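# Coordinates in review
Each chain, written out:
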Amino acid sequence: MKFHKEYLDLILVPSGLLVMFAYHLVLLYKYINQPHTTVMGFENNDKRIWVERIMQVDKRDVGTALSVIQSNTTAATFLASVSLTLCSLIGAWIANSSNIFFQSQLIYGDTRPTTISIKYICLLTCFLLAFSCFVQAARHLVHANYLISTPDSFIPLSSVEIAVIRGGDFWSLGLRALYFALNLLLWFFGPIPMFICSVAMVMILQYLDSNSRPLHSNGSQGGQFQMGKRNYNV
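These numbers were taken from a predicted model, which means no experiment stands behind them.

Counting its secondary structure elements, the protein contains six helices and two strands. Starting at the N terminus and walking to the C terminus, you meet the elements of the protein as α-α-α-α-α-α-β-β. Excluding contacts between residues fewer than 6 apart, the proportion of contacts in the protein whose partners are at least 24 apart in sequence is 74%. Of the accessible surface of the protein, which amounts to about 13500 Å², a share of 66% is contributed by carbon and sulfur atoms.

Shown next, in the form of structure tokens:
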């Protein structure tokens, strides 16, 4: 039986996606059951301390809190705009069927028009997912903005924490969608670069997502976290 280069797409592409999905499933399990071992759980702990200090200790410094929320909202809005722009470009490219081709002798893999169309659709899906996540991140951060700036209110502290943390969670999901989009973008150059990128990205993310530092505590416990002086002792 003769081996065709088109078979590589059927082997390496699902394998690369499986590696990425398996890693993120393990990360999700750690984030839910052992959040202190992940960077996202470490950051969420810092966000809870920040909200507590703002809402209970530094209420008079609401302007600083709103500027922090606004900077995160602006970043989420910018990435949502970029994702939507890329979705529009890819959608317009797909609509013009005469442009769907990517024939090259340098690409060792399946270059049939049907496969190229699948690549565009998968890439478009990732950017749409990223756009949706960044929009939701901005939505929750705007809601936190309203809660923090409400004068003379008795809003529960947990409500502000949930809004800020959910905004960060959707931000992380949007970034993960962009990571998958990068893998699918390399698929246009063949299944081999895509698979290599998947393995390399998992190794890099494993280093970036792991946390071995102790969690910060509030200022009343040993001075590990001093909001006023901006000292962060690890």
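With that settled, consider the packing of helix α1 (residues 7–33) against helix α6 (residues 191–209). In contact at an axis separation of 8 Å, α1 and α6 are set at 10° when each is read in the N-to-C sense. In terms of orientation, α1 lies roughly parallel with respect to α6. The residues of α6 that touch α1, namely those facing Leu8, Asp9, Leu12, Val13, Ser15, Gly16, Leu17, Val19, Met20, Tyr23, His24 and Leu27, are Pro191, Ile192, Met194, Phe195, Ser198, Met201, Val202, Leu205, Gln206 and Asp209. Residues belonging to the contact of α1 with α6 are distributed by class as follows: 15 nonpolar, five polar and two charged.

The final tally for this structure, using the stated rule, is three aromatic pairs. Between Phe21 and Phe180, the aromatic rings sit 5.1 Å apart at their centres with planes inclined by 40°, giving tilted as the arrangement. Remark: Phe180 occurs in helix α5 (residues 157–187) and Phe21 occurs in helix α1; sequence separation between them is 159 residues. A centroid spacing of 5.5 Å and a plane angle of 65° characterise the contact between Phe134 and Trp171, whose relative ring orientation is edge-to-face. On the criterion of sequence distance, the pair formed by Phe134 in helix α4 (residues 113–149) and Trp171 in helix α5 is long-range, its members being 37 residues apart. Since its relative accessible area comes to 0%, Phe134 is described here as buried.

As a further point, take α6. Between the first and last C-alpha of α6 there are 26 Å, a value that for 19 residues agrees with the 27 Å anticipated at 1.5 Å per step. Those residues of α6 that sit buried are Pro191, Met194, Cys197, Ser198, Met201, Val202, Leu205 and Asp209. Buried residues of α6 fall within an arc of 135° about the axis and therefore sit on the same side. Of the residues in α6, the exposed ones pointing more than 90 degrees away from the buried face are Ile196, Met203, Ile204 and Tyr207.

Here the focus is the packing of α4 against α5. Two numbers describe how α4 lies on α5: the axes approach to 8 Å, and their chain directions differ by 165°. Accordingly, the angle class assigned to the pair α4 and α5 is roughly antiparallel. In terms of crossing hand, the pair formed by α4 and α5 is left-handed. For the contact of α4 with α5, the per-class residue count stands at 28 nonpolar, seven polar and two charged.

On the surface, Phe78, Val82, Leu86 and Leu89 cluster together into a nonpolar patch covering about 360 Å² of accessible area. On the basis of relative accessibility, which here comes to 32%, the residue Leu86 falls in the partly exposed class.

This part covers the confidence of the model for the protein. Per-residue pLDDT for the protein has a mean of 82; in total, 81% of the residues score no lower than 70. Here residues 220–234 is modelled with pLDDT under 50, and outside its nearest four sequence neighbours on either side it reaches 25 contacts, counting other chains as well.

When the UniProt feature table is mapped onto this chain numbering, "transmembrane region" (unreviewed entry) sits at residues 7–32, 75–95, 116–137 and 177–205. Secondary structure content for residues 116–137 is 100% helix and 0% strand, while the C-alpha to C-alpha distance between its ends is 32 Å. The span residues 177–205 carries 90% helix and 0% strand; its end-to-end C-alpha distance comes to 13 Å.

Before going further, it helps to spend a moment on the side chain of Arg176. Among the secondary structure elements, Arg176 is positioned in helix α5. A polar atom in the side chain of Arg176 sits 3.5 Å from the side chain of His24. Discounting chain neighbours no more than four positions away, the residues touching Arg176 are Tyr23, His24, Leu27, Leu205 and Asp209.

In terms of nonpolar packing, the biggest core is built from 24 residues, with Ile90, Leu123 and Phe127 touching the most fellow members. At the level of elements, α1, α3 (62–95), α4, α5 and α6 are the ones that each hand at least two residues to this core. The dominant element in this core, judged by the number of residues it contributes, is α4, at six residues. Ignoring sequence-local partners within four residues, the contact set of Phe127 consists of Ser83, Leu86, Cys87, Ile90, Leu178 and Ala181. Val51, Ile69, Leu147 and Ala163 belong to the second largest nonpolar core, which has 13 residues in total.

About the thresholds
- Residues numbered from 1 in each chain as written.
- Predicted model: local features only at pLDDT ≥ 70, side-chain atom pairs only at ≥ 80, totals over all residues.
- Heavy atoms only, no water.
- Helix = DSSP H or I, 4+ residues; strand = E, 2+ residues; numbered from the N terminus.
- Contact = heavy atoms within 4.5 Å.
- Areas by Shrake-Rupley, 256 points an atom, 1.4 Å probe, with all protein chains shown as cover.
- Axes fitted to C-alpha atoms, helices over the stretch in contact; angles between N-to-C directions.
- Parallel < 35°, antiparallel > 145°, perpendicular 65-115°, else oblique.
- Nonpolar A, V, L, I, M, F, W, Y, C, P; charged D, E, K, R; others polar.
- Phe/Tyr/Trp six-rings, centres within 6.5 Å; stacked < 30°, edge-to-face > 60°.
- Buried < 20%, exposed > 50% of the residue type's maximum accessible area, 1.4 Å probe, protein only.
- Expected span 1.5 Å × (residues − 1).
- Arc of directions from axis to C-beta.
- Left-handed = near helix turned anticlockwise from the far one by under 90°.
- Patch = residues over 30% accessible without salt bridge, like charges linked within 9 Å, V, L, I, M, F, W, Y side chains within 5 Å.
- Salt bridge = Lys/Arg side-chain N within 4 Å of Asp/Glu carboxyl O.
- pLDDT = per-residue confidence, 0-100.
- UniProt positions renumbered as here; feature names shortened; annotations may be inferred.
- Polar contact = N/O pair within 3.5 Å; in protein donor to acceptor, adjacent residues only side chain to side chain.
- Core = buried A, V, L, I, M, F, W, Y, C linked by side-chain atoms within 4.5 Å.

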